[in-house]
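Notes for the structure review
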Amino acid sequence: MSDTRREEFLAFHRPSIGEEEIAEVADTLRSGWLTLGPKTARFEEKFAERVGARHAVGLSSCTAALHLSFEALGIGPGDEVITCPYTFPATVASILYTGATPVLADSLAGYPNIDPESVAARVTERTRAIVPIHFAGAPCEMDALQSIADGADAVIVEDAAHALPAAYKGRSIGSIGRTTCFSLYAGKNITTGEGGMLTTDDDDVAAAVRMRRLHGMSRDAWKRYSSAGSWYYEIHALGFKYNMTDINAAIGLHQLDRLDEFQERRVRLVGLYNEALESVPGIRLPEPPGEIESAWHLYVVGLDPDRVAVPRDQVIEMLREDNIGTSVHFIPAHHHPYFQERLGWREDDCPNASALYRSAVSMPLFPAMDDGDVIAAASSLERIVRENLR
Ligand SMILES: Cc1ncc(COP(=O)(O)O)c(C=O)c1O
């Protein structure tokens, strides 16, 4: 047994759910109004205010937010959407749902975010949207991407699943792209259990998304069972069942109140990791480029294959033996068999993304960790790397 092994398993992630969230859920259950309703509306208002957007629309997931962004923008068969493979498969799947063709631009050489030069090289007359993913909460180079989008007559749909709260050149993520799509999944910086939020300044897009999240029903159809409502509705578009529920919004209302407290804690824990690991050879610290403030959703180190003599997967196994939970973000989209078969993608299509993936280890990072947890996780990683240096 190693001398850095922890007694208790340190999970990769644990959500911070307090008594306020629990009481609000109980209140919702007692209220008799369980699904889309007044608490979702309150949560949307608070969320929009927080990120500085005109509209926030509560949805069942970030995947739904991406899909409805494309639907609302009229993107479909024959159109191309440029995105980056360094993401969760949902980004690519949501483009395919519409019948449009996803086109991959590579990551930057030293960081998983999309490389604007690679985007520019992939623009065609069919390009309708660019979808940057703010990896680990670090905003992409939005000015460069916006000028490429403007030149191509395309729009930006941001995959901000990781990026609450984050800022690019002082502007809050959620207030920049035509739409911005946040995830409120259990593992995200704030959670509603499952959920997503779409923000936009575009009144027409917001109305189209609101309609399509609930079957394409005429406006405010959710009120039809309240005293303010009417039984009558009309279908005005092909819709989906993508609405948020008030049970989920009840959790989100109080998570949002705690966002600054959570973020302060994340920044401190990242500082501790950096201090503990900066002088360890063979480890590349996460250093997002640009004039940004990261949400620090993830702490992903890179193992230098020229210095660390064991494969990344074995390092993860050794961390598990030390009782440290880890993960890998992400298996790039062009490595997945389904996308390869359907779209003809190959593993050498995006070399920067592939190289980053092969060296990546995501360390535990969540606000309920104490300083000692970070020290223990960093000590294990340091021991494993030092014992296996070339
Ligand atoms: C980058 C990215 N995009 C999209 C998603 C999808 O989010 P959701 O699970 O809320 O649909 C995730 C979820 O992990 C993600 O990490």
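Each value, and the rule that gives it
- Every residue gets a number counted from 1 within its own chain, in the order that chain's sequence is written.
- Owing to the predicted nature of the model, reporting of local features is limited to residues with pLDDT of at least 70; listing and counting of side-chain atom pairs is limited to 80 or more, with chain, interface and lining totals taken over all residues.
- The side-chain values count all of the structure's non-hydrogen atoms but skip hydrogen atoms and water molecules.
- A run of H or I in DSSP counts as a helix once it spans at least four residues, and a run of E counts as a strand once it spans at least two, with each numbered from the N terminus.
- In this description the radius of gyration comes from C-alpha coordinates, and the expected globular size is given by 2.2 Å times residues to the power 0.38.
- A contact between two residues is defined here by any heavy atoms of the two lying within 4.5 Å.
- A 1.4 Å probe and the Shrake-Rupley method give the accessible areas. Residues count as covered only by the protein chains that appear here.
- Residues scored as charged are limited to Lys and Arg (positive) and Asp and Glu (negative), so that His and the chain ends carry no count.
- Charge coordinates come from a single atom per side chain, which is NZ of Lys, CZ of Arg, CG of Asp or CD of Glu.
- Expected helix span is taken as 1.5 Å per residue step, with the number of steps being one fewer than the number of residues.
- A 1.4 Å probe rolled over the protein chains alone gives each residue an accessible area, and that area as a share of the maximum for its type sets the label: buried under 20%, exposed over 50%, partly exposed in between.
- Nearness is defined per residue: one heavy atom within 4 Å of the molecule or strand is enough.
- Here a polar contact is taken to be a pair of N or O atoms separated by no more than 3.5 Å, where protein atoms must pair a possible hydrogen donor with a possible acceptor and residues adjacent in sequence count only if both atoms sit in side chains.
- Charged residues are taken to be Asp, Glu, Lys and Arg, nonpolar residues to be Ala, Val, Leu, Ile, Met, Phe, Trp, Tyr, Cys and Pro, and polar residues to be all remaining types, Gly included.
- Residues enter a nonpolar core if they are buried and are Ala, Val, Leu, Ile, Met, Phe, Trp, Tyr or Cys, with the set joined through side-chain atoms within 4.5 Å.
- At least two bridges found by DSSP between two strands is the condition for calling them paired.
- The handedness of a crossover follows from its direction of travel: if, with the strands pointing away from the viewer, the path from the first strand over the helix to the second runs clockwise, the crossover is right-handed.
- Angular values range over 0 to 180 degrees, each being the angle between N-to-C directions of two axes fitted as lines to C-alpha atoms, with helices fitted over their stretch in contact.
- Here the word oblique covers every angle except those under 35 degrees (roughly parallel), over 145 (roughly antiparallel) and from 65 to 115 (roughly perpendicular).
- Take the far helix as the reference: if the near one is turned anticlockwise from it by less than a right angle, the crossing is left-handed, and if turned clockwise, right-handed.
- Here a cavity means grid points, on a 1 Å grid over the protein atoms only, where a 1.4 Å probe fits yet cannot get out; a pocket means an open set of points with protein on both sides within 12 Å along at least five of seven lines; lining residues are those with an atom within 4 Å of a point.
- Grid points are joined across faces, edges and corners, and a volume is the space filled by probe spheres set on the points.

When helices and strands are tallied, the chain shows 13 helices and 13 strands. What you see for the chain is a C-alpha radius of gyration of 21 Å, in line with the 21 Å of a compact globule of 390 residues. Here the C-alpha coordinates of the chain stretch approximately 70 × 55 × 40 Å along the principal axes. A sequence separation of at least 24 residues applies to 73% of the contacts in the chain between residues at least 6 apart. Looking at the chain as shown, the accessible area adds up to about 16700 Å², and 49% of this sits on carbon and sulfur atoms. Each charge class in the chain can be summarised by its mean position, and for the 37 positive and 56 negative side chains these summaries are 4 Å apart.

The end-to-end C-alpha distance of helix H9 (residues 259–277), which contains 19 residues, comes to 27 Å, matching closely the 27 Å that a straight helix rising 1.5 Å per residue would cover. Those residues of H9 lying buried are Leu259, Phe262, Gln263, Arg266, Leu269, Val270, Leu272, Tyr273 and Leu277. Packed against the buried residues of H9 are helix H2 (38–51), helix H8 (246–257), strand S10 (283–284), strand S12 (299–303), strand S13 (360–363) and helix H13 (371–387).

Right, let's get into the site of the ligand. Around the ligand, 15 residues are found, and the nearest of them are Thr63, Asp159, His162, Ser183 and Lys188. The side chain of Thr63 places a nitrogen or oxygen atom 2.5 Å from an oxygen atom of the ligand. A distance of 2.7 Å separates a nitrogen atom of the ligand from a polar side-chain atom of Asp159. Contact with the protein chains covers 92% of the free accessible surface of the ligand, which is 390 Å². Elements with a contribution of two residues or more to the shell around the ligand: helix H3 (62–72) and helix H4 (89–97). Classifying every residue of the shell around the ligand by side-chain character gives six nonpolar, seven polar and two charged.

On to the nonpolar core. Phe43, Phe47 and Tyr86 are the most contacted members of the largest nonpolar core, which totals 59 residues. Residue assignment for this core shows that the elements contributing at least two residues are H2, H4, strand S3 (101–104), helix H6 (142–152), H8, H9 and helix H12 (351–359). When residues no more than four places from it in sequence are discounted, the contact partners of Phe43 are Leu184, Thr192, Met197, Met244, Ala249, Gly252, Leu253 and Leu256. Core analysis: the next-biggest nonpolar cluster, separate from the first, contains 31 residues, Leu269, Leu303, Ile324 and Leu365 among them.

This part covers unusual backbone geometry. Cis rather than trans, the peptide bond between Leu164 and Pro165 has omega equal to -5°. In this fold, Pro165 is placed in the loop between strand S5 (155–159) and strand S6 (167–168). Residue His329 is joined to Phe330 through a cis peptide bond whose omega torsion reads -5°. Residues other than glycine seldom take positive phi values, yet Trp296 does so here, at roughly 45°. Position of Trp296 relative to the elements: it lies in the loop between strand S11 (292–293) and S12. If you check the backbone angles, Asn323 has positive phi at about 70° while not being a glycine. Turning to its location among the elements, Asn323 is positioned in the loop between helix H10 (312–321) and helix H11 (337–343). The exposure class assigned to Asn323 is buried, which follows from its relative accessible area of 12%.

Quick look at the pairing of strand S4 (residues 127–131) now. S4 sits mainly inside the fold: four of its five residues count as buried. Of the strand pairs in this sheet, strand S2 (residues 80–83) and S4 are connected by four bridges, and their pairing is parallel. For Thr83, the partnering residue across the bridge sits in S4 and is Val131. Here S4 runs beside S5; their pairing, made up of two bridges, is parallel. Bridging from a neighbouring strand, Ile130 pairs with Ile156 of S5. Between the parallel elements S4 and S5, the chain passes through H6 in a crossover that is right-handed.

All right, on to the packing of H3 against helix H7 (residues 203–212) then. In the contact formed by H3 and H7, the axes pass within 9 Å of each other and the chain directions differ by 120°. With respect to their mutual orientation, H3 and H7 come out oblique. Along this stretch, H3 crosses H7, giving a crossing that reads as right-handed. Here Leu68, Glu71 and Ala72 of H3 come into contact with H7, specifically with Val205, Ala208, Val209 and Arg212.

Moving on, we come to empty space enclosed by the protein. One pass over the full model with this rule turns up two cavities of 30 Å³ or more. Estimates place the volume of the largest cavity at around 60 Å³. In terms of residue class, the lining of the largest cavity is made up of five nonpolar, five polar and three charged. Within this model, the second largest cavity holds a volume of roughly 40 Å³. Lining the second largest cavity are Ala160, Ala161, His162, Ala163, Leu164, Phe182, Ser183, Lys188, Asn189 and Ile190. Tallied by class, the residues present in the lining of the second largest cavity amount to six nonpolar, three polar and one charged.

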